[in-house]
Amino acid sequence: MALRGQVGAAGAADAAGGAGLGDVARRAGGGTGLRSRWPVGCGASPRWAARGVRGAVVAAESLAELEVLCNHLYEGTDLAQRLQAEKVLLELINSPECLSQCQLLLEQGTTSYAQLLAATCLSKLVSRASPLPIEQRIDIRNYILNYVASQPKLAPFVIQALVQVIAKITKLGWFEVLKDQLIFRDITADVKKFLQGTVDHYIIGVMILSELTQEMNLVDYSRPSAKHRKIATSFRDTSLKDILMLACSLLKELLAKPLTIQDRQQESLAMHLLKLVLNCLNFDFIGNSADESADDLCTVQIPTNWRTIFLEPGTLDLFFDLYHSLPPMLSQLVSDTVIYTQIMMALSCLVQFASTRRSLFSNPERAKYLGNLIKGVKQILENPQGLSDPGTYHEFCRFLARLKTNYQLGELVMVTDYPEVIRLIANFTITSLQHWEFAPNSVHYLLTLWQRMVASVPFVKTAEPHLLDTYAPEITKAYITSRLDCVPVVIRDGLEDPLDDTATVFQQLEQLCTVSRCEYEKTCTLLVQLFDQNAQNYQKLLHSSSRNPLEITVQEGRLAWLVYFVGTFVGGRLTYTSTDEHDAMDGELSCRVFQLISLMDAQLPQSSNEKVELAILWFLDQFRKTYVGDQLQHTSKVYARMTEVLGITDDNQVLETFMTKIVTNLKYRGRCEPVILRTLQFLNDLSVGYSLLKKLVKIEAVKFMLQNHTSKHFPFLGISDNYSLSDLRCRTMFYTALTRLLMVDLGEDEDEFENFMLPLTVSFESVTQIFNSSFEQEEAKRMLIGLARDLRGIAFALNTKTSYTMLFDWIYPAYISVLQRAIELWYQEPACTTPILKLMAEFMQNRSQRLNFDVSSPNGILLFREASKMICTYGNQILSLGTLSKDQVYPLKLKGISICYSALKSALCGNYVSFGVFKLYGDNHFDNVLQAFVKMLLSVSHSDLLQYRKLSQSYYPLLECVTQDHMSFITSLEPRVLIYILTSISEGLTAIDTIVSSSCCASLDYIVTYLFKHIAKEGKKTLRCREVSQDGQRLFNFMQQNPEVLQQMMSILMNTIIFEDCRNQWSVSRPLLGLILLNEKYFSELRATLINSQPDSKREVLDQCFRNLMEGVEQNLLVKNRDRFTQNMSVFRRDMAEALRSEGASDPGSLDMMS
């Protein structure tokens, strides 16, 4: 409220004598002084600034309060003050006096934060969807250029923010014309004036180019992607090459001067120039918007007309020289951060140079270019002083990896210095692996290099030696020994254990397994030696009279690493052409792990090591994938050695070992959640294949599990207070695997099924008794959550009608009422309601037609009635919670709603319920559940519908089902509800998620088709269709009163087809035809608007495109007619893109058909 008074005061001052941006804009047509060019570095204030001073006295109070708010926002530690400041300043951005306030802050603000706020406000103003007038934007740009030129000593973050405003204005106005000039493209002329001034001005000029290049490459997903690509492509073709050449020439000039530690400005200039070059090389040249996380796949698609820059040897030498010129300064500097950053950026540029697309060069040119890169690598490895910083070291590792990403091994070995360079790289890698604690994330790139080199060996056709058989075993050895050596250091010094980061470990092991298969004999010999040595030491420690717990833990840590290595190398057989000798070596290694399993299990239940157990489970899974199952010949040599040592002759006996280990873990390690979870994942993987299931059910351990799945034998099934409610999640996986095993021989044996369900029957009876007495809530909750998770696992595995019917008969009606009661009581506790709702959603799934009950069975209707009761109960109760905070709304409300929607969708499209029966017999369960769907929907905002992915992916497919089969319900809704649903469809049409957008298109198509058919029937009305007409008439009347609803959706779809990257073209075409036929006049207006906005030379082409779109299309929505329209639309989209892409076409952003 205070700010509004301030804004008013500033506005009054402005009216009295001061002039804000608005006044300047209004006078722009009259030749304002701000539009003229200015000498860079002069101290004179621009006309706007000079006039603004007259309002200073009046606005002094306003300025002081704004500065206080800025300090609260940027420096304040009090959260309430910061939030209040943010709220008031947001009001400022939306205020009509925003520009005058920004002017006040820039000219008279006493703190950098006040200037930063002004820059932020201006940035938001110029980025709005509805742009400011062109004259006003020109004046803002010119004012900022004058401002930074006259005050080059501003705080760097203020200059950066102001430069960003210039970049945004330039990008968004790139195609705009004023007096026959592309007025915003003369930014390079402005920058060159900065380059004629002091070093500070020089730096500002480079910052403008750098920020502009970055902004041009930045995709704004709130604007049409076609507009972004057209601007980016034009900038690439007209300006980017010149900017890169300018940056390189400036760097050469800078490098020619002697660098001194006193000249910090030169350091800053070098930094900004390197950033500019990097932004140029990082530009998205072909519009593929590559995912930056996919670092391995990046190839820089340099335009062909840049060849001369890349063929010039001096270009690469410039960045290598920069690297070598900077390290000597390190010893002179107290703070070397700036120098290291410059080295890092020089290396980042070299990464992009190494990633240049192969097709830019001819074969001789590519060989020469690669030779220069390799020569530079050799020089860096011979002088690695600059790599002592983690950032520079990381970039150099990326540089090495890109060499093999972009060049073939056959090309690398032909380089003159290859033998020496591969030796240096091997030594560098070995040193890096030995210093495991230094920049651990960079090791990924080194291993990537060696993995790809080794994988390429079979394809090398040249006679030159690749030398990998010499160095690859050394790399493998260095990795293994370094990981074993790190164990005592980690344990004794309490450091972070690399084994805890399993994602990184598995990624590195996957890379290592390829490297290890080069000279596999050497790797196996080393591993056998290390395994035997460490296993013997471990046994000695266990049998020692003075057991040292620390030494035992160290030894177990080493064994865990060794087991991971064995599992990795055994799993590597799938990725390499293997031999009998290699299989025999795998057998040798596997024997030792199986012996270790026996040794570890013999210590139970007294002691157990989690890391060793997880490693063993990893090994067992790798062994399963490689040597168990039908894909492998049973004559494999792996079993020959295992027969001699362990008496294991084939995979049947291995499966017995697997199951024994699983049962042991589930029995004795119930308190260790990671081990239990990994064990159950392993059991689940074993239970997927039918051939394995046939073998597994004959094993005694499996029979034991099927007959004794209770907490007495498997403690993790218990419900004691020691477990949190989330610990029960793994039970679903356990029962899914167990039920798959049961199903193998179950057939129609109901007694066998009843015996299997007996533990759950006992639990349900206990819960029922608790409910009927004055019950203990916590115990009942835990039991019910466990039961819901167990039953969901069982239901998931029952994919036949016979077996599913057994489960339904078991649960209905006795136990399902218990679940209903739980939802009623604990609706506000997601830990309880989520498992029960998910169970109901699983019951409703008609997977493999399992719910197609016999014709005499009412089970389908009974099941739906129970689902309806549960959804209605939950929906009504959850709405009573009222307004929830942002962090609570999803877990407490939206998650449950999304599961309800998912269950309802499964029921509506499951084809096992005839919904007409409900109305016929006066049963209101169907109407009730649809009303509950609407009530829950209205309690959710449109933004939340799209923001929460699970909610949108359950709501929109459900809406598709409702509009497909139950339009009479849709037409009966109140206008406000119908508006809400249609708005949700309209917003979903532009969703990035294709599931959402396709469902929206389908829903819209069903609505439009229903309306079109109604209108068609009205023309030939008979008594027979009077009832249908009443439903249709309601919808028709609604659309007549709200014609803009369908018109807006037509605009969105046309916009998507013409300007966007339309990934579901077929889906979009289906409702579009109906919309055109219903709104022919509006379609003609859209068409005219688009054509008239183009130059005369383009209008005939575009008009022909629209004529072709409707060619041969009739006035009906029959399938044949729709298909014809879809084919026409595909051609229309291609032709329109071609026409708008060619020279002379207007900016597609101005043709956005939604404006």
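Calculation criteria
- Residues numbered from 1 in each chain as written.
- Predicted model: local features only at pLDDT ≥ 70, side-chain atom pairs only at ≥ 80, totals over all residues.
- Heavy atoms only, no water.
- UniProt positions renumbered as here; feature names shortened; annotations may be inferred.
- Helix = DSSP H or I, 4+ residues; strand = E, 2+ residues; numbered from the N terminus.
- Buried < 20%, exposed > 50% of the residue type's maximum accessible area, 1.4 Å probe, protein only.
- Contact = heavy atoms within 4.5 Å.
- Areas by Shrake-Rupley, 256 points an atom, 1.4 Å probe, with all protein chains shown as cover.
- Patch = residues over 30% accessible without salt bridge, like charges linked within 9 Å, V, L, I, M, F, W, Y side chains within 5 Å.
- Salt bridge = Lys/Arg side-chain N within 4 Å of Asp/Glu carboxyl O.
- Lys, Arg positive; Asp, Glu negative; His and termini not counted.
- Charge placed at Lys NZ, Arg CZ, Asp CG, Glu CD.
- Axes fitted to C-alpha atoms, helices over the stretch in contact; angles between N-to-C directions.
- Parallel < 35°, antiparallel > 145°, perpendicular 65-115°, else oblique.
- Left-handed = near helix turned anticlockwise from the far one by under 90°.
- Nonpolar A, V, L, I, M, F, W, Y, C, P; charged D, E, K, R; others polar.
- Phe/Tyr/Trp six-rings, centres within 6.5 Å; stacked < 30°, edge-to-face > 60°.
- Lys NZ or Arg CZ within 6 Å of the ring centre and 35° of its normal.
- Expected span 1.5 Å × (residues − 1).
- pLDDT = per-residue confidence, 0-100.

- Under an unreviewed UniProt entry, the name given to the chain is RAN binding protein 17, and the source organism is Anser cygnoides.
- The Sequence similarities (unreviewed entry) field of the UniProt record for the chain holds the comment "Belongs to the exportin family."

## Re the overall build of the chain
Then, in step 1: Check the secondary structure of the chain and you find 54 helices and two strands.
Then, in step 2: Within the span of the chain, comprising 1155 residues, buried residues form 54% of the whole.
Then, in step 3: A fraction of 77% describes how many contacts in the chain between residues 6 or more apart in sequence connect residues 24 or more apart.
Then, in step 4: Within the structure as shown, the chain displays about 49600 Å² of accessible surface, and the carbon and sulfur contribution to it stands at 52%.

## Focus: the side chain of Asp200
Then, in step 1: Locating Asp200 in the fold gives a position in helix α11 (residues 199-217).
Then, in step 2: Excluding residues within four positions of it along the chain, Asp200 makes contact with Pro152, Lys153 and Gln265.

## Structural notes on a negative patch on the surface
Then, in step 1: On the surface, Asp745, Glu748, Asp749, Glu750, Asp751, Glu752, Glu754 and Asp809 cluster together to form a negatively charged patch.
Then, in step 2: By the secondary structure assignment, Glu752 is in helix α34 (residues 750-756).

## Focus on the environment of Tyr471
Then, in step 1: Residue position: Tyr471 is located in helix α22 (residues 468-493).
Then, in step 2: When the C-alpha atoms of Tyr471 and Glu519 are compared, they prove to be 9.9 Å apart, with 48 residues separating the residues in sequence.
Then, in step 3: Not counting chain neighbours up to four residues away, the residues in contact with Tyr471 comprise Ile422, Arg423, Ala426 and Trp450.

## Re the packing of helix α21 (residues 443-455) against α22
Then, in step 1: It is at 11 Å that the axes of α21 and α22 come closest, and there the two elements cross at 140°. Between α21 and α22, the interaxial angle falls into the category oblique. Judged by the sense of rotation from one axis to the other, the crossing of α21 with α22 is left-handed. Across the interface between the two elements, Leu447, Trp450, Met453 and Val454 from α21 touch Leu468, Tyr471, Ala472, Ile475 and Tyr479 from α22.
Then, in step 2: Along the lines of polarity and charge, the residues of the contact of α21 with α22 split into nine nonpolar, no polar and no charged.

## Considerations on the pattern of salt bridges
Then, in step 1: By the definition in use, this model includes 44 salt bridges.
Then, in step 2: Residue Glu365 is joined to Arg307 by a salt bridge in which the shortest nitrogen-to-oxygen separation is 2.9 Å. Of the two residues, Glu365 is situated in helix α17 (residues 363-382) and Arg307 in helix α14 (residues 307-311); the sequence distance between them amounts to 58 residues.
Then, in step 3: Look at Glu365 and you get partly exposed, because its relative accessible area is 22%.

## Brief notes about the packing of helix α36 (residues 777-797) against helix α39 (residues 830-843)
Then, in step 1: As a packed pair, α36 and α39 sit with axes 9 Å apart at the nearest point and diverge in direction by 25°. Between α36 and α39, the angle falls in the class roughly parallel. Helix-helix and strand crossings are classified by hand; for α36 and α39 the assignment is left-handed. Residues Lys781, Ile785, Ala788, Arg789, Leu791, Arg792, Ala795 and Phe796 of α36 form the contact with α39, whose participating residues are Ala831, Cys832, Pro835, Ile836, Lys838, Leu839, Glu842 and Phe843.
Then, in step 2: The class makeup of the residues in the contact of α36 with α39 is eleven nonpolar, no polar and five charged.

## Side note on the packing of aromatic side chains
Then, in step 1: Applying the stated criterion across every chain, the model contains 53 aromatic pairs.
Then, in step 2: Ring geometry for Phe310 and Phe353: centres 5.2 Å apart, planes at 55°, overall tilted. Of this pair, Phe310 sits in helix α14 while Phe353 sits in helix α16 (residues 337-354), and the two are 43 residues apart along the sequence.
Then, in step 3: Three or more aromatic residues joined by ring pairs make a cluster, and in this case those are Phe320, Tyr393, Phe396, Phe399, Phe428 and Phe438.
Then, in step 4: Between Arg517 and the ring centre of Tyr520, over which it is positioned, the NZ or CZ distance is 4.0 Å.

## Thoughts on helix α23 (residues 502-516)
Then, in step 1: In a regular helix each residue adds 1.5 Å, so 15 residues correspond to 21 Å; α23 covers 20 Å between its end C-alpha atoms and thus fits that length.
Then, in step 2: Listed as buried for α23 are Val505, Gln508, Leu509, Gln511, Leu512, Cys513, Thr514, Val515 and Ser516.
Then, in step 3: Looking at the buried residues of α23, the elements they touch are α21, α22, α24 (520-543) and α25 (549-571).

## Examining the confidence of the model for the chain
Then, in step 1: The predicted model of the chain has a mean per-residue pLDDT of 84, with 89% of residues at 70 or higher.
Then, in step 2: Between residues 290-294, whose pLDDT stays under 50, and residues either more than four places distant or in other chains, the model counts zero contacts.

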